[in-house]
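Listed below, chain by chain, are the residues.
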Amino acid sequence: MAERNSGGGKMDDLEAPVCVPLSKRPARDRIFETARELFYQHGIRAVGVEAIAHEADATKMTLYRNFPSKDELVAEVLREQERDYWIWWDEITGCTCGDPRAQLEAIFDAFETKACDADIHGCPLSNAAIELHEVDHPAQKVSVAFKQQLHARLLDLCRRAGAPDDDLADGLMLLMEGSCTARVTLGPGGPVRAVARAGRKLIKAYLDQ
């Protein structure tokens, strides 16, 4: 079983990476991290609990002791990915001195950089919403609530930047969501490379009137 780095922060030049063998980590952590990776790489429907347990060096019984069902495991993975996204969002917007227009532009600049990364396969919450379209699925509820919050944050920034109505936020939301799909279908060399420029032009068109 390969070793994985358990740390998420940056290390200075004198600090050696600390790797903990996967088999020595708590079973719940192994199962959760394995599920997160497999769901994102292969899709939720394509990955069964047997595969997760095997890759995590655990048993199905151990998996079900920690997670009531696969559906709840998926939902918990998406909640963690949502938390990671808002951490990223807050870091980006926190570097703009509270200027809402600069925050919007910074979000799209960073979004393009993130989307063009070789290891990115679209937004995991968007992917889940498309794959798990049942309205009562616990993971679908997480995805929908996340997208509603994303739209609300864009609306707030656009209004504070001086947008006269909701059209700018709606357009930016569509641009962001479309870019996630284009990244999956056409790769990092496709239209996603233009998302920051398109975002800035849209912002300019609505705010510089």
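Definitions and limits used
- Residues numbered from 1 in each chain as written.
- Predicted model: local features only at pLDDT ≥ 70, side-chain atom pairs only at ≥ 80, totals over all residues.
- Heavy atoms only, no water.
- Helix = DSSP H or I, 4+ residues; strand = E, 2+ residues; numbered from the N terminus.
- Buried < 20%, exposed > 50% of the residue type's maximum accessible area, 1.4 Å probe, protein only.
- Contact = heavy atoms within 4.5 Å.
- Areas by Shrake-Rupley, 256 points an atom, 1.4 Å probe, with all protein chains shown as cover.
- Polar contact = N/O pair within 3.5 Å; in protein donor to acceptor, adjacent residues only side chain to side chain.
- Axes fitted to C-alpha atoms, helices over the stretch in contact; angles between N-to-C directions.
- Parallel < 35°, antiparallel > 145°, perpendicular 65-115°, else oblique.
- Nonpolar A, V, L, I, M, F, W, Y, C, P; charged D, E, K, R; others polar.
- Expected span 1.5 Å × (residues − 1).
- pLDDT = per-residue confidence, 0-100.
- Disulfide = S-S within 2.5 Å.
- Core = buried A, V, L, I, M, F, W, Y, C linked by side-chain atoms within 4.5 Å.
- Left-handed = near helix turned anticlockwise from the far one by under 90°.
- Arc of directions from axis to C-beta.

### What about the overall build of the chain?
Thought 1: For the chain, the count of helices and strands is 9 helices and 2 strands.
Thought 2: Secondary structure elements in the chain, listed N-terminal to C-terminal, are β-β-α-α-α-α-α-α-α-α-α.
Thought 3: By residue count, 39% of the 209 residues in the chain fall in the buried class.
Thought 4: At a minimum sequence separation of 6, the contacts of the chain that also span at least 24 residues come to 63%.
Thought 5: Of the roughly 11,500 Å² of accessible surface on the chain, 54% is carried by carbon and sulfur atoms.

### Topic: the side chain of lysine 147
Thought 1: Looking at the element boundaries, lysine 147 is found in helix H7 (residues 138–161).
Thought 2: On the basis of relative accessible area, lysine 147 is assigned to the buried category, the value being 14%.
Thought 3: A polar side-chain atom of lysine 147 sits 2.7 Å from a polar atom in the side chain of serine 126.
Thought 4: Contact partners of lysine 147, with chain neighbours within four places excluded, come to Cys123, Ser126, Met173 and Glu177.

### Overview of the packing of helix H8 (residues 167–186) against helix H9 (residues 195–207)
Thought 1: Where H8 contacts H9, the axes come no closer than 10 Å and their chain directions differ by 170°. Considered as vectors, H8 and H9 are oriented roughly antiparallel to each other. Of H9, the residues touching H8 (which contributes Asp167, Leu168, Gly171, Leu172, Leu175 and Ser179) are Val195, Ala198, Gly199, Leu202, Ile203, Tyr206 and Leu207.
Thought 2: Along the lines of polarity and charge, the residues of the contact of H8 with H9 split into 9 nonpolar, 3 polar and 1 charged.

### Thoughts on H8
An α-helix turns once every 3.6 residues. As a result, residues three or four positions apart point the same way.
Thought 1: For H8, built from 20 residues, the straight-helix expectation of 28 Å at 1.5 Å per residue is met to within 8% by its first-to-last C-alpha distance of 27 Å.
Thought 2: By the burial criterion, the buried members of H8 are Leu168, Ala169, Gly171, Leu172, Met173, Met176, Ser179, Cys180, Ala182 and Arg183.
Thought 3: Buried residues along H8 sit against helix H4 (70–93), helix H5 (100–115), H7 and H9.
Thought 4: Of the residues one or two after H8, glycine 187 is the one with positive phi, at around 80°.

### Side note on the confidence of the model for the chain
Thought 1: On average, residues of the chain score 89 in pLDDT, and 89% of them are at 70 or above.
Thought 2: Residue range residues 1–18 is modelled with pLDDT below 50. Its contacts to residues more than four positions away, or to other chains, number 22 contacts.

### Quick notes on the state of the cysteines
Thought 1: As enumerated under the stated definition, the model contains 0 disulfides in all.
Thought 2: In this structure cysteine 123 is a free cysteine whose sulfur lies 4.9 Å from that of cysteine 180, the closest cysteine sulfur available.

### Let's talk about the nonpolar core
In a soluble, globular protein the nonpolar side chains are often hidden away together inside.
Thought 1: Formed by 49 residues in total, the largest nonpolar core has its most connected members in Ile31, Phe39, Ile52, Leu73, Tyr85 and Trp89.
Thought 2: For this core, the element with the highest residue contribution is H4, accounting for 9 residues.
Thought 3: Ignoring anything within four residues of it in the chain, the contact list for tryptophan 89 reads Ile107, Leu150, Arg153, Leu154 and Leu157.

### A closer look at unusual backbone geometry
Thought 1: One non-glycine residue, aspartate 57, lies in positive phi territory at about 55°.
Thought 2: By secondary structure assignment, the location of aspartate 57 is in the loop between helix H2 (49–55) and helix H3 (60–66).
Thought 3: Residue aspartate 57 is classed as partly exposed on the basis of its relative accessible area, which comes to 42%.

### Observations regarding the packing of H5 against H9
Thought 1: With their axes 8 Å apart at the nearest point, H5 and H9 run at an angle of 160° to one another. Here H5 is positioned roughly antiparallel relative to H9, judged by the angle of their axes. Where H5 crosses over H9, the handedness of that crossing is right-handed. Residues Arg101, Leu104, Glu105, Phe108, Asp109, Phe111 and Glu112 of H5 pack against Val195, Ala196, Arg197, Gly199, Arg200, Ile203, Lys204 and Leu207 of H9.
Thought 2: Class assignment for the residues of the contact of H5 with H9 results in 7 nonpolar, 1 polar and 7 charged.

### Describing H9
Thought 1: Given a rise of 1.5 Å per residue, 13 residues ought to cover 18 Å, and the 18 Å separating the end C-alpha atoms of H9 matches this to within 8%.
Thought 2: Along H9, the residues classified as buried are Val195, Ala196, Gly199, Ile203 and Leu207. One side of H9 holds all its buried residues, which, seen down the axis, span an arc of 100°. Facing away from the buried side of H9 by more than 90 degrees, the exposed set consists of Arg197 and Lys201.
Thought 3: In the core, the buried residues of H9 are packed alongside H5, H7 and H8.

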